[in-house]
Amino acid sequence: MSKKNYFHIIWDWNGTLLDDLSLCLDIINTLLNKYHLPPLSTEKYLALFGFPVEDYYRKIGFNLRKLPFEIISTEFITAYENGRPNCQLMPGALETLETLSNNGYSQSILSASKKDFLTKAVQDYGILDYFLAINGLDNHHAAGKLDLAQDFINAQNLNLNTTLLIGDTLHDAEIADKLGVDCWLIPNGHHSRERLESAGVPIMESLASMSKHL
């Protein structure tokens with residue numbers, strides 16, 4: 001992969017900078033058990049999780065006509081926010097953010113998480129100062145983040161040719177494609193490497209290995 005001069009890095013949060021896969025899997029299996037549905041293995045979760053989250057819930061067995069999406073998503077996020085403080089940043093996340101900042105890159109976060117929760121989490125991990133902006137939704141139902149990204153790029157007048165989106169799911173690659181920016185994916189989050197390879201974008205082995213490519 002040839003090097004390219006980027007100026008701004010848009011980071012996904014869950015599964016990219018924050019290591020929360022185990023927490024999400026534990027919570028969804030608790031909910032599946034509560035509603036008498038079969039549990040997910042890690043492999044099945046990585047194969048099925050996606051956006052919009054409402055579609056993912058249908059795939060794993062929830063009947064959203066009987067159990068409204070808003071109810072199950074609220075149950076999930078309540079358990080998630082209770083458990084999130086026990087999660088750690090991904091290995092190499094802090095060092096990578098610091099290195100990029102020291103080398104003149106501007107950085108932001110783009111997430112389908114509720115902005116209030118997202119900002120608190122970033123503050124809790126002591127990394128808020130690395131980011132030009134924290135872009136999250138105004139609710140906790142994780143519908144998508146394309147409009148957020150487009151509004152941010154327009155407001156900051158970012159050059160699409162020097163903007164890079166880094167994430168862990170096919171949704172991140174789809175967002176980048178619709179925005180017209182480059183995308184790198186890391187197979188340590190919520191999608192399997194096999195799924196990520198179908199996106200046709202560069203795959204980084206880890207955050208720690210990224211600096212040499214930037």
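Residues numbered from 1 in each chain as written. Predicted model: local features only at pLDDT ≥ 70, side-chain atom pairs only at ≥ 80, totals over all residues. Heavy atoms only, no water.

**Topic: the overall build of the protein**
Logical step 1: Broken down by element type, the protein carries nine helices and seven strands.
Logical step 2: A globule of 214 residues ought to have a C-alpha radius of gyration of about 17 Å, and the protein, at 17 Å, matches this closely.
Logical step 3: Across its three principal axes, the protein shows a C-alpha extent of roughly 50 × 35 × 30 Å.
Logical step 4: Taking the contacts inside the protein whose residues are at least 6 apart along the sequence as the reference set, 66% of them involve residues at least 24 apart.
Logical step 5: Carbon and sulfur atoms provide 49% of the accessible area of the protein, an area that totals close to 10,400 Å².
Logical step 6: Taken together, the 17 basic and 26 acidic charged side chains of the protein have centroids lying 5 Å from each other. (Helix = DSSP H or I, 4+ residues; strand = E, 2+ residues; numbered from the N terminus. Rg over C-alpha atoms; globule rule 2.2 N^0.38 Å. Contact = heavy atoms within 4.5 Å. Areas by Shrake-Rupley, 256 points an atom, 1.4 Å probe, with all protein chains shown as cover. Lys, Arg positive; Asp, Glu negative; His and termini not counted. Charge placed at Lys NZ, Arg CZ, Asp CG, Glu CD.)

**Thoughts on the pairing of strand E4 (residues 106–114)**
Logical step 1: The element E4 is extensively covered by neighbouring structure, given that seven of its nine residues are classed as buried.
Logical step 2: With four bridges connecting them, strand E1 (residues 8–11) and E4 associate as parallel partners. Its bridge partner being in E4, Ile-9 is matched across the sheet by Gln-107.
Logical step 3: Relative to strand E5 (residues 133–137), E4 runs parallel, the two being bridged by four bridges. Across the sheet, residue Lys-114 finds its bridge partner in E5, namely Leu-137.
Logical step 4: As a crossover connection, the stretch from E4 through helix H6 (residues 115–124) into E5 is right-handed. (Buried < 20%, exposed > 50% of the residue type's maximum accessible area, 1.4 Å probe, protein only. Pairing = 2+ DSSP bridges. Right-handed = clockwise from strand over helix to strand, strands pointing away.)

**Brief notes about helix H5 (residues 93–102)**
Logical step 1: By the burial criterion, the buried members of H5 are Ala-93, Thr-96, Leu-97 and Leu-100. In an axial view of H5, the angular spread of the buried residues amounts to 95 degrees, which keeps them on one side of the axis.
Logical step 2: Packing partners of the buried residues in H5 comprise E1, strand E3 (88–89) and E4. (Arc of directions from axis to C-beta.)

**Some points on the packing of aromatic side chains**
Two descriptors summarise a pair of aromatic rings, namely the distance from one centre to the other and the angle between the planes of the rings.
Logical step 1: Going through the model one piece at a time under the given rule, you end up with eleven aromatic pairs.
Logical step 2: For the ring pair Tyr-45 and Tyr-56, a centre distance of 6.1 Å and an interplane angle of 90 degrees mean the geometry is edge-to-face. Placement of the pair is Tyr-45 in helix H2 (residues 42–48) and Tyr-56 in helix H3 (residues 53–59), with a sequence separation of eleven residues.
Logical step 3: Assessed through its relative accessible area of 4%, Tyr-56 is described here as buried.
Logical step 4: When the centroid spacing of 5.6 Å and the interplanar angle of 70 degrees are considered together, the rings of Tyr-57 and Phe-62 count as edge-to-face. Phe-62 carries the same exposure label as Tyr-57, and that label is buried.
Logical step 5: Grouped by ring-pair contacts, the aromatic residues Tyr-35, Tyr-45, Phe-49, Phe-51, Tyr-56, Tyr-57, Phe-62 and Phe-69 constitute a single cluster.
Logical step 6: Sitting above the plane of the Phe-117 ring, Lys-114 keeps its charged end 5.3 Å from the centroid. (Phe/Tyr/Trp six-rings, centres within 6.5 Å; stacked < 30°, edge-to-face > 60°. Lys NZ or Arg CZ within 6 Å of the ring centre and 35° of its normal.)

**What about the side chain of Asp-168?**
Logical step 1: Note that Asp-168 resides in the loop between strand E6 (163–167) and helix H8 (170–179).
Logical step 2: The side chain of Asp-168 is buried and forms no salt bridge, while Lys-145, the nearest opposite charge, is found at 6.4 Å. (Salt bridge = Lys/Arg side-chain N within 4 Å of Asp/Glu carboxyl O.)

**Some thoughts on H8**
Logical step 1: Burial analysis of H8 places seven of its ten residues in the buried class, the great majority of the element.
Logical step 2: Listed as buried for H8 are Leu-170, His-171, Asp-172, Ala-173, Ile-175, Ala-176 and Leu-179.
Logical step 3: One or two residues past the end of H8 sits Gly-180, with phi positive at roughly 85 degrees.

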